[in-house]
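# Chain and residue survey
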Amino acid sequence: MEIDDILASVSHGDVSSPESTALDHQLLTRFWVAERSVPELLPWPARLMERMMERVRQQIETIEDLAASSSDPTTSTSSSNATLTLSILQTDLSRTQYLLRSVLRQRLSKITKHSMFYLLSTGSTAQIPPPASGSAEAKHQAPEDSIPLPPASLSKSCPLSESEVNFLFTHQQLLARHFGSSFLGSFPPQLRRLDDNAGGTSMVQGPDRREVVFVRCVAGEVSVLAPPEQGVNEETLVGGTMRMGDVWVVRWEGVREAWERGEVEVL
């Protein structure tokens, strides 16, 4: 009996059909590779993650049932077959759990590195504006006052999940209080905000989309574009056109939209 046959024999439900499982595992693997390679946070694949977590739950239940039945002396199941099946199921479960944990750790690393940038990109409109200079509020300005509140609903352009937004807000609040008690409390009130942009220089730094990535073209033709520069309204073609099967080293900003359309694969 093949390993795929053993996995299929203990699967139940539409989400655990062999074809759906294989496709979702491939999608998760590609998303994991892309998340590790690109400099910015990729959009959260909510439906894919929901299906994967449901499969993990079902597989854990299946493993527990098989383990209980294999230890029952009244069952007619062969001990060797049960042990082999359990070993294969546990290996497959560990593979999926490794990918899920690695994806979450990579995303948490990016979130904490550019926490204020992603917090401002959630689409929140509840940001507290800086108080007027010399006012009573300005004298009591604290670093956490510059942190926007989580939005009631996430915008379509927000790459974070709801759980990540809640974590990000709590993390930034704790970080702001730590900064305030450590050194920002001794600064002038107008310099205590974490989103200060005095002098034309913003303290909020985002990921560098000009970093290079390895990509493979999976469409007929893909043009590598550069975003418009300041004062220019149109994108410019840089580097030429990729064709099916080509592997290039390009800046992420030049193929970001192509990746979103599924025309290139990050390696």
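I will try to describe carefully the structure that is included in this document.

Conventions used here
- Residues numbered from 1 in each chain as written.
- Predicted model: local features only at pLDDT ≥ 70, side-chain atom pairs only at ≥ 80, totals over all residues.
- Heavy atoms only, no water.
- Helix = DSSP H or I, 4+ residues; strand = E, 2+ residues; numbered from the N terminus.
- Contact = heavy atoms within 4.5 Å.
- Areas by Shrake-Rupley, 256 points an atom, 1.4 Å probe, with all protein chains shown as cover.
- Patch = residues over 30% accessible without salt bridge, like charges linked within 9 Å, V, L, I, M, F, W, Y side chains within 5 Å.
- Salt bridge = Lys/Arg side-chain N within 4 Å of Asp/Glu carboxyl O.
- Phe/Tyr/Trp six-rings, centres within 6.5 Å; stacked < 30°, edge-to-face > 60°.
- Buried < 20%, exposed > 50% of the residue type's maximum accessible area, 1.4 Å probe, protein only.
- Core = buried A, V, L, I, M, F, W, Y, C linked by side-chain atoms within 4.5 Å.
- Arc of directions from axis to C-beta.
- Axes fitted to C-alpha atoms, helices over the stretch in contact; angles between N-to-C directions.
- Parallel < 35°, antiparallel > 145°, perpendicular 65-115°, else oblique.
- Left-handed = near helix turned anticlockwise from the far one by under 90°.
- Nonpolar A, V, L, I, M, F, W, Y, C, P; charged D, E, K, R; others polar.

This part is about the overall build of the chain. The secondary structure content of the chain amounts to 8 helices and 5 strands. Sequence-ordered secondary structure for the chain, helices as α and strands as β, is α-α-α-α-α-α-α-β-β-β-β-α-β. By sequence separation, contacts in the chain at least 24 residues apart represent 72% of the contacts at least 6 residues apart. Counting only carbon and sulfur atoms, one obtains 53% of the accessible surface of the chain, whose full area is about 15,900 Å².

Right, let's get into a nonpolar patch on the surface. Together, Val 212, Phe 214, Val 247, Val 249 and Leu 267 give the surface a local cluster of nonpolar side chains, amounting to about 440 Å² of exposed area. Looking at the nonpolar patch, the elements with two or more residues in it are strand S1 (212-217) and strand S4 (247-251). With respect to the element layout, Val 249 can be found in strand S4.

Time to look at the packing of aromatic side chains. One pass over the structure, following the stated rule, counts 5 aromatic pairs. Measuring from ring centre to ring centre gives 6.0 Å for Trp 32 and Tyr 98, while their planes differ by 70°; the resulting arrangement is edge-to-face. Residue Trp 32 is found in helix H2 (residues 18-37), and its partner Tyr 98 is found in helix H4 (residues 79-113); the two are separated by 66 residues along the sequence. Residue classification places Trp 32 among the buried residues on the basis of a relative accessible area of 17%.

Another aspect to go through is the environment of Ile 63. Within the secondary structure, Ile 63 is located in helix H3 (residues 46-70). Setting aside residues up to four positions removed in sequence, Ile 63 forms contacts with Leu 86, Leu 89, Gln 90 and Leu 93.

Before going further, it helps to examine the nonpolar core. Ranked by internal contacts, the top residues of the largest apolar core, which has 31 residues, are Leu 28, Val 215, Trp 252 and Val 255. Among residues more than four places away in sequence, those in contact with Leu 28 are Leu 48, Met 49, Met 52, Leu 99, Leu 100 and Val 103. Counting 15 residues, the second-largest nonpolar core is a separate cluster that includes Leu 168, Phe 169, Leu 184 and Val 204.

Let us look at helix H8 (residues 252-260). Listed as buried for H8 are Trp 252, Gly 254, Val 255, Ala 258 and Trp 259. The buried residues of H8 all sit within an arc of 140° when viewed along its axis, so they share a single face. Next to the buried residues of H8 lie H2, S1, strand S2 (221-226), S4 and strand S5 (264-266). At the C-terminal side of H8, Gly 262 shows a positive phi close to 80°.

The description of two packed helices rests on the angle between their axes and on the distance between the axes. Contact pair H2 / H3: the axes reach a minimum separation of 10 Å and the direction vectors enclose 120°. Here H3 runs oblique to H2, going by the angle between their axes. With respect to the hand of their crossing, H2 and H3 are arranged in left-handed fashion. Here Ser 20, Thr 21, Asp 24, Leu 27, Leu 28 and Phe 31 of H2 lie close against H3, whose contacting residues are Leu 48, Met 49, Arg 51, Met 52 and Arg 55. When its residues are assigned to classes, the contact of H2 with H3 shows 6 nonpolar, 2 polar and 3 charged.

Following the criterion strictly, the structure yields 16 salt bridges and no others. We note a salt bridge from Glu 35 to Lys 110, for which the minimum N-O separation is 2.8 Å. One end of the pair, Glu 35, is in helix H2; the other, Lys 110, is in helix H4, and 75 residues separate them in sequence. Glu 35 gets classed as buried once you look at its relative accessible area, which sits at 1%. Arg 261 is paired through a salt bridge with Glu 263; the nearest N and O atoms lie 3.1 Å apart.

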